[in-house]
Amino acid sequence: MRSLIRSNRMANIQLAHLRRGNYERRIAGHDFSDIAHSMLSLKRLDNIQLCVETVIRENISGDLIETGVMRGGAAIVMRAILRAYGAHDRTVWVADSFEGFPPLNLEKYPADAASDPQWHLRPQTESGLAHVRRNFARYDLLDDQVKFLPGWFRDTLPKAPIKQLAVLRLDGDLYESTMDALVPLYPKLTPGGFVIIDDYNLSMCEEAVRDYRKKMGINEEIIPIDDAGVYWRKTAEPPSRN
Ligand SMILES: C[S@@+](CC[C@H](N)C(=O)[O-])C[C@H]1O[C@@H](n2cnc3c(N)ncnc32)[C@H](O)[C@@H]1O
């Protein structure tokens, strides 16, 4: 991953910006770049590589998705790994409003009162659909194995034509956005596949994950990636608890 970042930096493309800020903090996920193609820490980028390489190596069937892509960097990494392994049978789904976070609905999702309005309600730079498509193209990774789902998760994800997932990466920060992704998508995750939660350090995201796991009887161990992200591997279908 570090060599991918360095080689693209030479071409003046910044997947993860390492020049500004504190390098150690950025590796661990304590801060992020405002201009790089991904906000993720290097540990979280490495975790994507680990999960995608594992499902390829072990033939865990299904596509890859990130819900909440901003400028596209993490989803670009997913597509790059498929390309590196010549994996032509999987799609990378790229889900975002491409216009920022939804207005908070505190009546329905009181946990989202903990969200930082400075961050969640500020305009995002260069994260519109055209920008994100262009970012994929800059790495020569925009092709028919990349499919975009523009709109609010609550509208797009339940009807997305996704059959099976091997990696489900959630990066929508809010309780609402986390739940709106887990409910329609977790049942499509193949046993042996991975779910990655980027924002487990945010109380509202953690609460959504805990509520969903409790409701569905999911007991797989939650593994920390850095000081923000976690993941687990689905070992079996959870008992149905509708
Ligand atoms: C933290 S950023 C994602 C960072 C990205 N994964 C990266 O690699 O840098 C969160 C993104 O989620 C999107 N988002 C959050 N909640 C959403 C929702 N309910 N529906 C659609 N998009 C949402 C926002 O537009 C934003 O682009």
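Up top is the structure.
Residues numbered from 1 in each chain as written. Predicted model: local features only at pLDDT ≥ 70, side-chain atom pairs only at ≥ 80, totals over all residues.

A. Geometry of the environment of histidine 131. Its place among the elements puts histidine 131 in helix H6 (residues 129–138). Under the C-beta neighbour-count criterion, histidine 131 is labelled partly exposed, with 16 such atoms within 10 Å. Taking the C-alpha atoms as reference points, histidine 131 and arginine 71, 60 residues apart in sequence, are found 7.2 Å from one another. In this view, histidine 131 contacts Arg71 and Glu126; residues no more than four positions away in its chain are not counted. (Helix = DSSP H or I, 4+ residues; strand = E, 2+ residues; numbered from the N terminus. Buried ≥ 20, exposed ≤ 12 C-beta atoms within 10 Å, placed from the backbone. Contact = placed C-beta atoms within 7 Å.)

B. Representation of the site of the ligand. Near the ligand lie 25 residues; those nearest to it are Ser38, Met39, Gly68, Ala74 and Ser177. Of all the elements in the fold, those that place two or more residues in the shell around the ligand are helix H4 (73–84) and helix H8 (175–185). The leading source of residues in the shell around the ligand is H8, at three residues. Of the residues assigned to the shell around the ligand, the class counts are 10 nonpolar, nine polar and six charged. (Near = placed C-beta within 6 Å. Nonpolar A, V, L, I, M, F, W, Y, C, P; charged D, E, K, R; others polar.)

C. Broad picture of helix H3 (residues 42–57). If you check H3, its first and last C-alpha atoms are 22 Å apart, about what 16 residues at 1.5 Å a residue would give, namely 22 Å. Taken residue by residue, H3 has Arg44, Leu45, Asn47, Ile48, Cys51, Val52 and Val55 as its buried positions. An end-on view of H3 places all buried positions within 155° of arc, on one side of the element. In this structure, the buried residues of H3 make contact with strand E1 (63–67), H4, strand E4 (165–170), strand E5 (189–197) and strand E7 (230–233). Of the residues flanking the end of H3, it is asparagine 59, one or two places downstream, whose phi is positive at about 55°. (Expected span 1.5 Å × (residues − 1). Arc of directions from axis to C-beta.)

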